[in-house]
Amino acid sequence: MPYITEDAELQKQQQQMEKAVRAEINALLAVVPQTLHEEHVKAWKYLWQTGFSVSYSKAPKALNGDKINATMYYVLSNSRSPLHESLVPTEEKKKLDAFLVNPDRCYNGHHTLHTDIKLWSSCMNEAEIANLASVWFLTLEKQGCHQLLQAGADGLMQAMVLSYGGFKFSNLDLTFCTHPKDLHRNYHFRRLLYGNGTHVNVTVEVREEDNKAEIFVALDRNDKTYWACDAGCIDPPVELGPTLKQFPVKLTDPVTAVLYITADRQHIDELKQTIHVKEIAEAPAHEQHVIALHKHGSHLSGLPTLFWMSIAILIIIFHLFLFKLIYNEYCGKDNYRQRFYS
């Protein structure tokens, strides 16, 4: 039997790859352009069913929707979407679906909604886009999202949205692990996949009257009964459904998750016996200057527009009155003397 060198093996693999690429290109060329466009639009529309929205911030260097959407588009564009490819066999798609159902321990890290230049850098060319995508892939893989990434763009979308809130899957639950002090803007996490047929929607809103955050959870579809509890799980678990369920944001010492979601009622009942903390209390209100910075772009610009309009009107009236006094002093007095001596 002749000895197979590395060059021969490499050449063989190269030929196989070239053959596969030619076959795929020929198959694509046979597709009607209109059909290809429709499939492209359909795939992106399906991917964007899962998503994230955040209230607009005027704070310097704040992360807003335009940057988040652009980053998601760049990263997703660098990933295949085999679940939407017509050439992928049905059996292979079933295997990929299994990765979405079992997300392992994604996302096992701090939330990614900080202005890290590596994760949210502006891209001016293809090389920068490729580098940005590479950083995201590596980050998600190292933080427990390996199985979701194997599902292609669908799993990648899920992993990115999970990372925004520091959501973490375990064998028995989904936890929301963002620190209460970071919940100073309104967030909406849309259509997080949980199990075979459950979509979880989580909303964070900061009340205007006291600057305290609160959490709302709803299921737009579910295949079983799901339960949730807030930090510490000392309050009775709440059954989730299509209507929004409200939860307070609590702070524990040491810090634990602010929300737990599970389909195992026994598990959620036992959580309060396994979450060992020294103190559980409602999270303090966010400081006014932090909220003002997001709303007005300055720590000192929290006063309403009507207030500043009133100040401007008073200044104008004051100057008019001052002008009248000066006029009467220098012009009106001379006129009086002229009339008196004539």
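The paragraphs below set out a description of the structure included in this document. (Residues numbered from 1 in each chain as written. Predicted model: local features only at pLDDT ≥ 70, side-chain atom pairs only at ≥ 80, totals over all residues. Heavy atoms only, no water.)

**Re the layout of surface pockets**
Part 1 of the argument: Here the largest pocket is characterised by a volume of approximately 680 Å³.
Part 2 of the argument: Forming the walls of the largest pocket are 20 residues, and the residues nearest its centre are Leu28, Leu36, Ser81, His84 and Glu85.
Part 3 of the argument: Of all the elements, helix α2 (residues 33-47) adds the most residues to the lining of the largest pocket, at six residues.
Part 4 of the argument: Classifying every residue of the lining of the largest pocket gives 10 nonpolar, six polar and four charged. (1 Å grid on protein atoms, 1.4 Å probe; cavity = no way out; pocket = protein on both sides within 12 Å on 5 of 7 lines; lining within 4 Å. Points joined across faces, edges and corners; volume = space filled by probe spheres on them. Helix = DSSP H or I, 4+ residues; strand = E, 2+ residues; numbered from the N terminus. Nonpolar A, V, L, I, M, F, W, Y, C, P; charged D, E, K, R; others polar.)

**Some words on the pattern of salt bridges**
Oppositely charged side chains can form a pair if their charged atoms are brought close together.
Part 1 of the argument: Inspection of every chain in the model, using the stated rule, returns 11 salt bridges.
Part 2 of the argument: Among the ionic pairs, Arg80 bridges to Glu85, the shortest N-O distance being 2.6 Å. (Salt bridge = Lys/Arg side-chain N within 4 Å of Asp/Glu carboxyl O.)

**Here's the deal with unusual backbone geometry**
Of all residues except glycine, most have a negative phi; of all peptide bonds, most are trans.
Part 1 of the argument: Residues Cys106 and Tyr107 are joined by a peptide bond in cis, for which omega reads 5 degrees.
Part 2 of the argument: Mapped onto the secondary structure, Tyr107 falls in the loop between α4 (90-101) and α5 (126-142).
Part 3 of the argument: At Asp104, a position not held by glycine, the phi torsion is positive, near 60 degrees.
Part 4 of the argument: One non-glycine residue, Arg191, adopts positive backbone phi at about 60 degrees.
Part 5 of the argument: For Arg191, the position within the fold is in strand β4 (residues 187-193).

**Topic: the sheet that holds strand β2 (residues 167-169)**
Part 1 of the argument: As summarised here, the arrangement of the five strands in space is β2-β3-β11-β7-β8, forming an open sheet in which the pairing is antiparallel. Taken across any chain shown, the strands that pair with only one partner, and hence form the sheet edges, are β2 and β8 (238-239).
Part 2 of the argument: Direction of pairing for strand β7 (residues 227-230) relative to β8: antiparallel, over a ladder of two bridges. Paired with Trp227 across the two strands is Glu239, which belongs to β8. (Pairing = 2+ DSSP bridges.)

**Some remarks on the state of the cysteines**
Part 1 of the argument: Under the definition given, this model contains two disulfides.
Part 2 of the argument: Linked covalently through their sulfurs, Cys106 and Cys145 form a disulfide whose S-S length is 1.9 Å. Measuring the twist about the S-S bond at about 80 degrees, one finds the Cys106-Cys145 disulfide to be right-handed. Separated by 39 residues along the polypeptide, Cys106 in the loop between α4 and α5 and Cys145 in the loop between α5 and α6 (146-150) bring together distant segments of the chain. (Disulfide = S-S within 2.5 Å.)

**Some remarks on the environment of Asp235**
Part 1 of the argument: By secondary structure assignment, the location of Asp235 is in the loop between β7 and β8.
Part 2 of the argument: On the basis of relative accessible area, Asp235 is assigned to the partly exposed category, the value being 34%.
Part 3 of the argument: In this structure the C-alpha to C-alpha distance between Asp235 and Asn102, which are 133 residues apart in sequence, comes to 29 Å.
Part 4 of the argument: Discounting residues that sit within four places of it in the chain, Asp235 has contacts with Asp230 and Lys250. (Buried < 20%, exposed > 50% of the residue type's maximum accessible area, 1.4 Å probe, protein only. Contact = heavy atoms within 4.5 Å.)

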